[in-house]
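The primary structure of each chain is shown beneath.
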Amino acid sequence: MHEMAIVQSVLDVAFREADNNSGTKIRKIKLRIGELSGVVRDSIEFAFSVLKADTAAEDAELEIETVKLKAECGTCGEAECAAWDLNLICAKCGGTLRITAGREMKVEYIDLD
Amino acid sequence: MHKISLETDIMDANEEFARENRDHFKAHNVAVVNFMSAPGAGKTSLLEKTIARMKDDLRIGVIEGDLMTTLDADRITALGVPAYQITTGSVCHLDARMIHNSLHNFDIEGLDLLIIENVGNLVCPAEFNLGEDLRVMVFSTVEGAEKPKKYPVMFHETDAVVLNKIDLIPYSGVSLEELERNVREVNPEVDIFPVSCTRGDGLDEWTQWFTERISALRGKAEAASV
């Protein structure tokens, strides 16, 4: 539901960088979104198609790379890819797993003309 | 065409406001707590019970977030505690900028504790740091034991989970044991408080924990400013 706000932030970053780099058209935006970031890919794509209209990004392509959830035990160091059935109690020693990837939301790069 | 490498965090704009909020709160030695839940879990009921027990010892203020109406702020004001209502219109969460703007209209000078009651929503509020010290999630047990696994982000991001409406467990068939296990799997170090706001079960344990955390937060801020 908050994807509109997220995508507006993405576009604000892209417009700012286009200004800073004397770009007139944004051709592509590449995002990395963790699978436990709380945003939905389809909603991001929909929000992007709505919000880019009549802006410097109106012809821009959006690429979204989904980052898999990863976690590591703070006690025994066991690293494992937590399954989607999120269980952060270490199967080996009962310690707490810390999430090391899969929570991020980043603009990796933009292509400008 | 040229490529600009960025690696910019999409939440940076929010984080910037959150940092300013946190500095402002620290400067006034106010502990700030963000209460989150789905609609109808009992956030306002829990706040009414909690504030009634704490208001003689602490100066408390509340910021209320709702899509529409001032009903919740009216319930808090009725306790003799100042409340400020943010009506978000259609926005499904509070963000740091909304809190920042509200601080122009709501004076936190002289407060010990600022409670922010977020918009009722089990998903979006968890993504937006407001500059708070502590996060508390309220969950209604009748919503089902599997919800922590289905909506993990908020359960993962909170410091405490208050499991409300345990008086309804005999009628709902929900297993409190299974619910607590699921909460713990998503957030192994979280503090869990089963309560009934209507019957009063568990409120002593919850209020004691909450009072101690607020006192520790304010003590730490005082020590840091000496």
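Definitions and limits used
Residues numbered from 1 in each chain as written. Chains lettered and ligands numbered in written order. Predicted model: local features only at pLDDT ≥ 70, side-chain atom pairs only at ≥ 80, totals over all residues. Heavy atoms only, no water. Helix = DSSP H or I, 4+ residues; strand = E, 2+ residues; numbered from the N terminus. Rg over C-alpha atoms; globule rule 2.2 N^0.38 Å. Buried < 20%, exposed > 50% of the residue type's maximum accessible area, 1.4 Å probe, protein only. Contact = heavy atoms within 4.5 Å. Areas by Shrake-Rupley, 256 points an atom, 1.4 Å probe, with all protein chains shown as cover. Lys, Arg positive; Asp, Glu negative; His and termini not counted. Charge placed at Lys NZ, Arg CZ, Asp CG, Glu CD. Pairing = 2+ DSSP bridges. Axes fitted to C-alpha atoms, helices over the stretch in contact; angles between N-to-C directions. Right-handed = clockwise from strand over helix to strand, strands pointing away. Phe/Tyr/Trp six-rings, centres within 6.5 Å; stacked < 30°, edge-to-face > 60°. Salt bridge = Lys/Arg side-chain N within 4 Å of Asp/Glu carboxyl O. Polar contact = N/O pair within 3.5 Å; in protein donor to acceptor, adjacent residues only side chain to side chain. Nonpolar A, V, L, I, M, F, W, Y, C, P; charged D, E, K, R; others polar. Patch = residues over 30% accessible without salt bridge, like charges linked within 9 Å, V, L, I, M, F, W, Y side chains within 5 Å. Core = buried A, V, L, I, M, F, W, Y, C linked by side-chain atoms within 4.5 Å.

### Focus: the overall build of chain B
Thinking step 1. Counting its regular elements, chain B contains 9 helices and 8 strands.
Thinking step 2. The C-alpha atoms of chain B give a radius of gyration of 18 Å, which matches the 17 Å a tight globule of 226 residues would have.
Thinking step 3. Dimensions along the principal axes, computed over C-alpha positions, put chain B at roughly 60 × 55 × 40 Å.
Thinking step 4. Residues counted as buried form 56% of the 226 residues belonging to chain B.
Thinking step 5. In chain B, of all internal contacts separated by at least 6 residues, the share reaching a separation of at least 24 is 72%.
Thinking step 6. Element-wise, carbon and sulfur atoms account for 49% of the exposed surface of chain B, whose accessible area totals about 9700 Å².
Thinking step 7. Mean positive and mean negative side-chain charge positions of chain B (22 and 38 charges, respectively) differ by 2 Å.

### Examining the sheet that holds strand β1 (residues 2–9) of chain B
Thinking step 1. With mixed pairing, the 4 strands of this open sheet are ordered in space as β2(A)-β1(A)-β6(A)-β1(B). Every interior strand has two partners, whereas the edge strands, β2 (61–67) of chain A together with β1 of chain B, have only one. Here the strands of the sheet are splayed against their neighbours by 15° on average, with no regard to which way each runs.
Thinking step 2. Where strand β1 (residues 26–34) of chain A and β2(A) come together, 7 bridges link them in parallel fashion.

### Description of unusual backbone geometry
Residues and elements named next belong to chain B.
Thinking step 1. Positive phi outside glycine occurs at Glu7, with the angle close to 55°.
Thinking step 2. Here the phi dihedral of Lys165 falls at roughly 65°; this positive angle occurs in a residue that is not glycine.
Thinking step 3. Note on placement: Lys165 falls in the loop between β7 (160–164) and α7 (169–172).

### A word on the pairing of β1(A)
All names here are of chain A.
Thinking step 1. Judged by how many residues are buried, β1 sits mostly within the fold: 8 of 9 residues are covered.
Thinking step 2. Pairing of β1 with strand β6 (residues 105–112), which is carried by 7 bridges, proceeds in the antiparallel orientation. Of the residues in β6, the one forming a bridge with Ile29 is Ile110.
Thinking step 3. For the segment spanning β1, helix α2 (residues 41–51) and β2, crossover handedness is right-handed.

### Brief notes about the environment of B:Asn164
Thinking step 1. Position of B:Asn164 relative to the elements: it lies in strand β7.
Thinking step 2. Residues B:Asn164 and B:Ser215 lie 51 residues apart in sequence; the distance between their C-alpha atoms is 24 Å.

### Concerning the packing of aromatic side chains
Residues and elements named next belong to chain B.
Thinking step 1. Applying the stated rule across the entire model yields 8 aromatic pairs over all chains.
Thinking step 2. When the centroid spacing of 5.4 Å and the interplanar angle of 65° are considered together, the rings of Phe139 and Phe155 count as edge-to-face. Of this pair, Phe139 sits in strand β6 (residues 134–140) while Phe155 sits in helix α6 (residues 152–157), and the two are 16 residues apart along the sequence.
Thinking step 3. Its relative accessible area of 1% is what places Phe139 among the buried residues.
Thinking step 4. Judged by relative accessible area, which is 0%, Phe155 ranks as buried.

### Focus: the side chain of B:Asp66
Residue and element names in this part refer to chain B.
Thinking step 1. Mapped onto the secondary structure, Asp66 falls in strand β3 (residues 60–66).
Thinking step 2. One buried charge, Asp66, has no salt-bridge partner; the nearest side chain with opposite charge is Lys43, at 6.6 Å.
Thinking step 3. There is a polar contact of 3.3 Å between the side chain of Asp66 and the side chain of Gln85.
Thinking step 4. Once residues lying within four places of it in the same chain are set aside, the contact partners of Asp66 are Asp72, Gln85, Ile86, Thr87, Thr88, Gly89 and Val119.

### Details of the interface of chain A and chain B
Thinking step 1. Each partner contributes to the interface: chain A provides 35 residues, whereas chain B provides 28 residues.
Thinking step 2. The tally of links from chain A across to chain B stands at 4 salt bridges.
Thinking step 3. Linking A:Arg32 and B:Glu7 is a salt bridge whose minimum nitrogen-to-oxygen distance equals 2.9 Å.
Thinking step 4. At the surface where chain A touches chain B, the tally comes to 14 residue pairs in polar contact (both at pLDDT 80 or more).
Thinking step 5. Secondary-structure elements contributing two or more residues to the side of chain A that touches chain B are α1 (3–20), β1, β5 (97–101) and β6 of chain A.
Thinking step 6. Top element by residues in the side of chain A that touches chain B is β6(A). It accounts for 8 residues.
Thinking step 7. For the side of chain A that touches chain B, the residue count by class is 17 nonpolar, 7 polar and 11 charged.
Thinking step 8. In the sheet, β6(A) pairs with β1(B) via 6 bridges, with the strands oriented antiparallel. The residue bridging A:Lys106 from the neighbouring strand is B:Asp9, located in β1(B).

### Observations regarding a nonpolar patch on the surface
Residues and elements named next belong to chain A.
Thinking step 1. Among the surface-exposed residues, Met4, Phe46 and Val50 lie close enough to one another that they form a single nonpolar patch of about 280 Å² accessible area.
Thinking step 2. With respect to the helices and strands, the residue Val50 is situated in helix α2.
Thinking step 3. By relative accessible area, Val50 is classed as partly exposed at 40%.

### Remarks on the nonpolar core
Thinking step 1. By size, the foremost hydrophobic cluster in this structure holds 30 residues, and its most contacted members are B:Phe35, B:Ile51, B:Ile60, B:Leu113, B:Trp206, B:Phe210 and B:Ile214.
Thinking step 2. Mapped by element, the contributors of at least two residues to this core are β2 (31–36), α2 (43–54), β3, β5 (113–117), β6, β7 and α9 (203–225) of chain B.
Thinking step 3. Per-element accounting of this core gives the leading share, 6 residues, to α9(B).
Thinking step 4. Discounting chain neighbours no more than four positions away, the residues touching B:Ile214 are B:Ala31, B:Val33, B:Leu58, B:Leu113 and B:Leu134.
Thinking step 5. In this structure, A:Val7, A:Ala57, A:Val107 and B:Leu6 belong to the second largest nonpolar core, which totals 28 residues.

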